[in-house]
Every structure is written in structure tokens, then in C-alpha cells.
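# Tertiary structure, described
What follows is each chain in one-letter form.
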Amino acid sequence: MSENSPLTALIVGSGGREHALADACVKSPLIGRTIAAPGNPGIAADSECFPIAADDIPGLVSLAEQQSVDFVIVGPEVPLTLGLVDALQKKGMLAYGPKADGARLEGSKNFTKEVLLKYNIPTGAAASFTESAAAIEYLQTASMPIVLKADGLAAGKGVVIAQDLDEATKTITDMIDGAAFGDASKEVLIEECLFGEETSIHVIVSGKDYVILPTSQDHKQAYEGDVGPNTGGMGAYSPADLIDDELMAAIERDIVKPSVDGIAAEGIDFRGTLFIGLMITKKGPQVLEFNTRFGDPETQVLLTRLETDPVEIMLAAAHGELAKIDVKVKSEYAMTVVLASGGYPASYPKGEVITLPASVGENEIIFHAGTKFDADKNVVTNGGRVLGVTALGPDLKTAADKAYALCDKIDFKSKYLRRDIGFKELNRQK
Ligand code: AMP
Ligand code: GLY
């Protein structure tokens, strides 16, 4: 590494993922000072937060200049797609996260599908449309259910699995003609529905080099038993033993390596997180999507389990020196349970005072997500996903018991949580 003295790091974003990234910086010997924009009350406990929105590119660049920031870690996808890393690099600043050309792999589902097909990476068959009449004609011969995806970013809501032709036709009309997701659904991908168990892997990429982080599993549905509306994620655990060594070898050979090589062959110098959504089908793993940033709440379990300093890995990726890094992982299991506001992911109350324990035990941490300070400096709810309650344990059951015991010590009026995070894995282990 070229840096000798501790660096100043800036974390961009305000969720649980960003609190986990800030926490990694605070704990890293490589970082002397951590700041965040806009941050949250959890981050503010250790690091100064500046009220600059994560999509205010000029504001973030000036902040980084004014605060003599050495290393910017970008949490969410929006600033990446808006070219924050390009803008920072123009000023000679170092950042972790892809430039806009790489972030297009999350920002355009059509672009991703083109890359996947071009490099023979297993994925569902698909066709793309900008005219509803042509899309509806295509649907006549398609088998149901069928997956309809708005091309652009739609805050995780732009995918509909239509059960029959009527629903598919109505969804296409809403998306293309009704602009259900604004410009994001001007173009729509109609994709074969894949069946199997859904999982994901996180890969830190730097050009043609990559390291695969430990396995983890999110729970996207709002209600217990994996039913109900899709959310940003209600809880996660790591490792996810669904991905055994044999499956991981297949994922690396058939998906990770060709994806990293394909992205480089497209002329994209990707330096950041490639988060690959997968369906483990009877034919093997297939790609559902690429994200170009860490998952939330996966980051909370992944970073907690790393023995190697996460900052060292991210700095090496940003410098193009990832090949030197050997990632070591703790043997413990980690679990994060999301405490949400009742009603999430639809409408939910805000501004409820949160009661937090005065201290937490060893290997326990409460990551803040949708929280803020009110005028009286109380920490109050300010989002759908409020806190990510995280614990480590020698096995998944112990990690879960510790995380849930901590959840029970936290209160706010509309507190909602799933009590079954990790249930499939725990049942498999029985
Ligand atoms: P995406 O944003 O592309 O990951 O899609 C959101 C969710 O839709 C995924 O997490 C899956 O649960 C589901 N999904 C996406 N594509 C497919 C597909 N081809 N087959 C089945 N389910 C899918
Ligand atoms: N937890 C899923 C995501 O971050 O997209």
C-alpha cells in the first residue's frame, strides 16, 4: 500500500450498510479520521456527519476537497450511477466503487443482460421492448409466470412476476405507457421465470482481479416464511451453507470469472463490489441481476465476519492492487435482524422515539439505518428499515439467539421484525 500515515475516509450514504462501512473504518488502523455524508445517528456516535445528500455529486466532491479526504467509500447505487467516482477521480481523489460505466451494470438491466448473453454467463432468456404493442405480442407466446423488469433504477420495486397473460399485459401497459416507474420503465425486459432457491454472492473486483467474500443470505420478503411484499431486506446471516464448496466452485467457474473477464473486455475498469443475485436452479446457478455496491443488510454480516481489515481490501481494490490480498474470515456465524417500522415496505410512521440499551455485549452491534435525531436530540425512527441488530456466535443458532435477545431490548412504537431470519438454514441443520 502506498499510504503510510492514517487516512481520512468519507462514507457516502445513510443506511445500515453505511454504518457498517463507517464502523470498519473506525476500527481500521489504516484510517485516522472517518466522516460521513449524510450519515445517521449511529455513525455520528464515532464520526462527524455532514448534511450533504448522497446524490449531491458537486456537494460531495467539495466536501471531500474541503475535508482533505484521502479515500471515499460509496455505499448506495445512485451516486455511483450519477458518476460520483468519475468526478472524484477527475480531482485526483481515490474512491471505492465503480465509475458510471461500471455502475450501469446495476443501472440498466438491459445492459447487464447483453453482457451476460455476450459472455455466455448462465441467465434467463429475455427480450427488451420500448413499445407496448410489440411487448404484448411477444407475451402471447411466452410461458407463464413471466418476469417483467423496468430497465432503470426503481428503488428495488421495478420487477414484477406476472402469473398470467392478463397480469403481464396490464403490467407492460403500466410500465411502458403509464410510466409506472418514470423513465426507468420506458424500456422493459421480459425475462424467463427461473425457479429454485435465491441467493447472492459479493465479489470485490479490481480490473481482472477479484476476491469472493464469505457467503451470506438475505430475506427479501416482509413476512415470516418468506411471504409478503418484497423489501430491501429484513435480515441476513453468514455463512450461507446453501452454497457449499462444490456449488461455489461452479459459481466461480461459470459466473464470477467470466463476468469479471467480460466486464474488463467491455473496457470497464471496475473497482468496487459486484453483488451477483443468483437463482440456484436444477440446471445450476443462473444470474438474476448485478448490483454494483454492497448489499444491505448483507454488508452488516459480511464485514463483521472478516478477519482481514475490510478497509485494506477496499483500498487495494481502488489502487488496482487486489491480487496482493488474501482475505481471511472468522469461523463465527453472524446474523443481522432488521427492526422495521410497522407498515414497511408500504407506508409507515416516522418520528417514533427509539429506546436503546445503554451498552451491548461482546460481538454484538446495533447498526443504524432509518434513524435521525429529533429537535431534543432523541434518536427517532426515520425510515422503513430502522436498525440492523447484529450478533456473532460459534454457530448460527447462537448468533440468532443473541441477535433476537438484543432485538427484545430495543423498543419503538411500531417496531416490526421477522422472527425467522435463517430459518431455512436452521431447519437444514436440524
Ligand atoms: P432483481 O432486481 O432483478 O433482482 O429482481 C428482484 C427480484 O425478482 C429477485 O430478487 C427475484 O426474487 C425476482 N426475480 C428477478 N428475476 C427473476 C427471474 N428471471 N426468475 C424468477 N425470479 C426473478
Ligand atoms: N439486500 C439486497 C440489496 O441490497 O439489494
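Residues numbered from 1 in each chain as written. Chains lettered and ligands numbered in written order. Predicted model: local features only at pLDDT ≥ 70, side-chain atom pairs only at ≥ 80, totals over all residues. Heavy atoms only, no water.

## Focus on the site of ligand 2
- As a structural note, the neighbourhood of ligand 2 is formed by Asp218, Gly232, Phe275, Asn291, Arg293, Gly295, Asp296, Pro297 and Glu298.
- Asp218 is positioned with one of its side-chain polar atoms (N or O) 2.8 Å from a nitrogen atom of ligand 2.
- If ligand 2 stood free it would expose 200 Å²; the protein chains cover 88% of that surface.
- The residue inventory of the shell around ligand 2, partitioned by class, reads 2 nonpolar, 3 polar and 4 charged. (Near = heavy atom within 4 Å. Polar contact = N/O pair within 3.5 Å; in protein donor to acceptor, adjacent residues only side chain to side chain. Areas by Shrake-Rupley, 256 points an atom, 1.4 Å probe, with all protein chains shown as cover. Nonpolar A, V, L, I, M, F, W, Y, C, P; charged D, E, K, R; others polar.)

## Quick look at the nonpolar core
- Ranked by internal contacts, the top residues of the largest apolar core, which has 34 residues, are Phe71, Ile73, Tyr96, Ile204, Ile313 and Leu322.
- For this core, the element with the highest residue contribution is helix H12 (residues 310–319), accounting for 7 residues.
- When near neighbours in sequence (up to four residues on either side) are disregarded, Ile73 contacts Leu10, Ile11, Val12, Leu21, Cys25, Tyr96 and Met314.
- Among the nonpolar cores identified, the runner-up in size contains 25 residues, and Met335, Leu387, Tyr404 and Phe412 belong to it. (Core = buried A, V, L, I, M, F, W, Y, C linked by side-chain atoms within 4.5 Å. Buried < 20%, exposed > 50% of the residue type's maximum accessible area, 1.4 Å probe, protein only. Helix = DSSP H or I, 4+ residues; strand = E, 2+ residues; numbered from the N terminus. Contact = heavy atoms within 4.5 Å.)

## Concerning helix H1 (residues 16–27)
- With 12 residues, H1 should reach 16 Å at 1.5 Å per residue; the first-to-last C-alpha distance of 16 Å fits that figure.
- Within the span of H1, buried status applies to Gly16, Arg17, Glu18, His19, Ala20, Leu21, Ala22, Asp23, Ala24 and Cys25. (Expected span 1.5 Å × (residues − 1).)

## Topic: the site of ligand 1
- Close to ligand 1 lie 14 residues; Glu191, Glu192, Leu194, Glu198 and Glu289 are nearest.
- With respect to ligand 1, the backbone of Glu192 contributes an N or O atom lying 2.9 Å from a nitrogen atom.
- Within the side chain of Lys220, an N or O atom sits 3.1 Å from an oxygen atom of ligand 1.
- Put simply, the parts of the chain that give the shell around ligand 1 at least two residues each are strand S7 (146–150), strand S8 (159–162), strand S9 (188–192) and strand S17 (284–291).
- Of the residues belonging to the shell around ligand 1, the class tally is 7 nonpolar, no polar and 7 charged.

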